[in-house]
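One-letter residues, chain by chain:
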Amino acid sequence: MKSIVLSVMMVLVSVFAFAIDPSNSQLVVLNTNTTGVFKVIYQQPGQNSVAFKVYNQQGEIVFADYIRSSNGFIRPLNFLGMESGAYKVELKSGNQVTEQMITYSTASTEEKVIDGTVKSIHVSKLAGDNKYLLAISNEGTNRVNVKIYDGAKELVYNTSMKIAGNVGVIYSLKQLVGTPTFEVSDKNVTASVKK
């Protein structure tokens with residue numbers, strides 16, 4: 001239970017740190033646990049035209065795009081076929097430049113055999129605009145799939161993640177209509193909670 005509480009606190013701290021200053025742009029690039037695919041999350045208030053570039057270790061542009069966004073965007077960035085190494089993701093909107101370094105490796109990311117099992121899941125509605133805490137009680141190392149359905153039982157979110165032990169994740173479901181249902185599954189069990 002203590003590890004779930006600590007996980008939740010760490011997630012809350014990172015969520016609050018991300019939203020401290022809404023006047024500044026925020027860039028986060030996450031490894032999605034899908035081989036070679038990263039998720040670029042960019043937050044910038046208002047209508048923006050963003051120059052999106054990725055540089056290799058030699059400073060050469062290996063990807064460039066131009067994006068029009070309203071309050072930011074989320075998009076995948078696929079490195080399949082690229083060489084292993086460090087890359088710089090750069091976003092420029094007006095005079096403001098935001099960068100993040102990432103490391104891509106073609107080596108296998110599986111550290112050890114998946115031997116865990118989900119014991120239980122718990123969902124709590126948090127104060128705010130449709131924010132929910134999903135707590136997963138898990139034993140060992142596991143790969144779980146998380147699906148979220150809206151009130152009409154339409155799938156609105158689907159992800160797979162590798163976890164070790166217990167984990168807590170906060171989901172912001174501002175656009176969700178109705179009461180959500182969370183479904184968590186691993187190789188042995190599927191559990192659903194309607195909140």
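Residues numbered from 1 in each chain as written. Predicted model: local features only at pLDDT ≥ 70, side-chain atom pairs only at ≥ 80, totals over all residues. Heavy atoms only, no water.

Peer 1: Describe the overall build of the chain, naming the residues involved and giving the relevant values.
Peer 2: What the chain contains, in helices and strands, is one helix and 14 strands. In the chain, which comprises 195 residues, the proportion classed as buried is 34%. Within the chain, residue pairs in contact and separated by at least 24 positions form 52% of the contacts whose partners lie at least 6 positions apart. Of the accessible surface of the chain, which amounts to about 11,400 Å², a share of 53% is contributed by carbon and sulfur atoms. (Helix = DSSP H or I, 4+ residues; strand = E, 2+ residues; numbered from the N terminus. Buried < 20%, exposed > 50% of the residue type's maximum accessible area, 1.4 Å probe, protein only. Contact = heavy atoms within 4.5 Å. Areas by Shrake-Rupley, 256 points an atom, 1.4 Å probe, with all protein chains shown as cover.)

Peer 1: So what's going on with the sheet that holds strand 13 (residues 181–185)? Residues and values would help.
Peer 2: Strands belonging to one sheet form pairs held by backbone hydrogen bonds; the direction of such a pair is parallel or antiparallel. What the four strands build is an open sheet, ordered 11-10-13-14; its pairing is antiparallel. Unpaired on one side and paired on the other, strand 11 (155–164) and strand 14 (190–194) mark the two borders of the sheet. For this sheet, the mean angle separating the axes of adjacent strands, direction not counted, is 20 degrees. (Pairing = 2+ DSSP bridges. Axes fitted to C-alpha atoms, helices over the stretch in contact; angles between N-to-C directions.)

Peer 1: Go over the sheet that holds strand 12 (residues 167–172) with me, naming the residues and quoting the values.
Peer 2: A sheet is described by the order of its strands in space; here three strands give the open sequence 8-9-12, paired in antiparallel fashion. A single partner strand is all that each edge strand has here, and the edge strands are strand 8 (117–126) and strand 12. In this sheet, adjacent strand axes meet at a mean angle of 20 degrees when their direction is disregarded. Looking at chain direction, strand 8 and strand 9 (residues 131–139) are connected through nine bridges and run antiparallel. Each bridged residue has a counterpart across the sheet, and for Ser 120 the counterpart in strand 9 is Ser 137.

Peer 1: Can you explain the side chain of Glu 183? Please cite residues and give values.
Peer 2: Relative to the helices and strands, Glu 183 resides in strand 13. We note that Glu 183 is buried and unpaired, the nearest opposite charge coming from Lys 147 at a distance of 4.3 Å. (Lys, Arg positive; Asp, Glu negative; His and termini not counted. Salt bridge = Lys/Arg side-chain N within 4 Å of Asp/Glu carboxyl O.)

Peer 1: How would you explain the pattern of salt bridges if you had to name every residue and give the values?
Peer 2: According to the stated counting rule, one finds three salt bridges in the structure shown. One salt bridge in this structure joins Lys 88 and Glu 99, with 3.4 Å as the shortest N-O distance. Of this pair, Lys 88 sits in strand 6 (residues 85–93) while Glu 99 sits in strand 7 (residues 96–104), and the two are eleven residues apart along the sequence. We classify Lys 88 as partly exposed; its relative accessible area is 23%.

Peer 1: Before we move on, could you go through the packing of aromatic side chains and cite the residues and values that matter?
Peer 2: Taken as a whole and assessed by the stated rule, the structure comprises nine aromatic pairs. With centroids separated by 5.5 Å and ring planes inclined at 40 degrees, the aromatic side chains of Tyr 42 and Phe 73 adopt a geometry described as tilted. Of this pair, Tyr 42 sits in strand 2 (residues 37–43) while Phe 73 sits in strand 5 (residues 73–78); the two residues are 31 residues apart in sequence, bridging distant segments of the chain. Since its relative accessible area comes to 3%, Tyr 42 is described here as buried. Phe 73 sits in the buried class, given a relative accessible area of 12%. Of the aromatic side chains, those joined through ring pairs into one cluster are Phe 38, Phe 79, Tyr 87 and Tyr 104. (Phe/Tyr/Trp six-rings, centres within 6.5 Å; stacked < 30°, edge-to-face > 60°.)

Peer 1: A description of the nonpolar core should follow, citing residues and the corresponding values.
Peer 2: Leu 134, Ile 136, Tyr 171, Phe 182 and Val 184 are the most contacted members of the largest nonpolar core, which totals 18 residues. Setting aside anything within four residues of it in sequence, one finds Leu 134 in contact with Ile 121, His 122, Val 123, Val 146, Val 167, Gly 168, Val 169, Tyr 171, Phe 182 and Val 184. Leu 27, Val 40, Phe 79 and Ile 102 belong to the second largest nonpolar core, which has 17 residues in total. (Core = buried A, V, L, I, M, F, W, Y, C linked by side-chain atoms within 4.5 Å.)

Peer 1: I'd love a proper account of the confidence of the model for the chain, names of residues and values included.
Peer 2: With 81% of its residues at a pLDDT of 70 or more, the chain shows a mean pLDDT of 78. In this model residues 1–23 is a low-confidence stretch, pLDDT under 50, and it forms 18 contacts with partners more than four residues away in sequence or in other chains. Counting contacts from residues 108–113, a segment whose pLDDT is below 50, to residues more than four positions away or on other chains yields seven contacts. (pLDDT = per-residue confidence, 0-100.)

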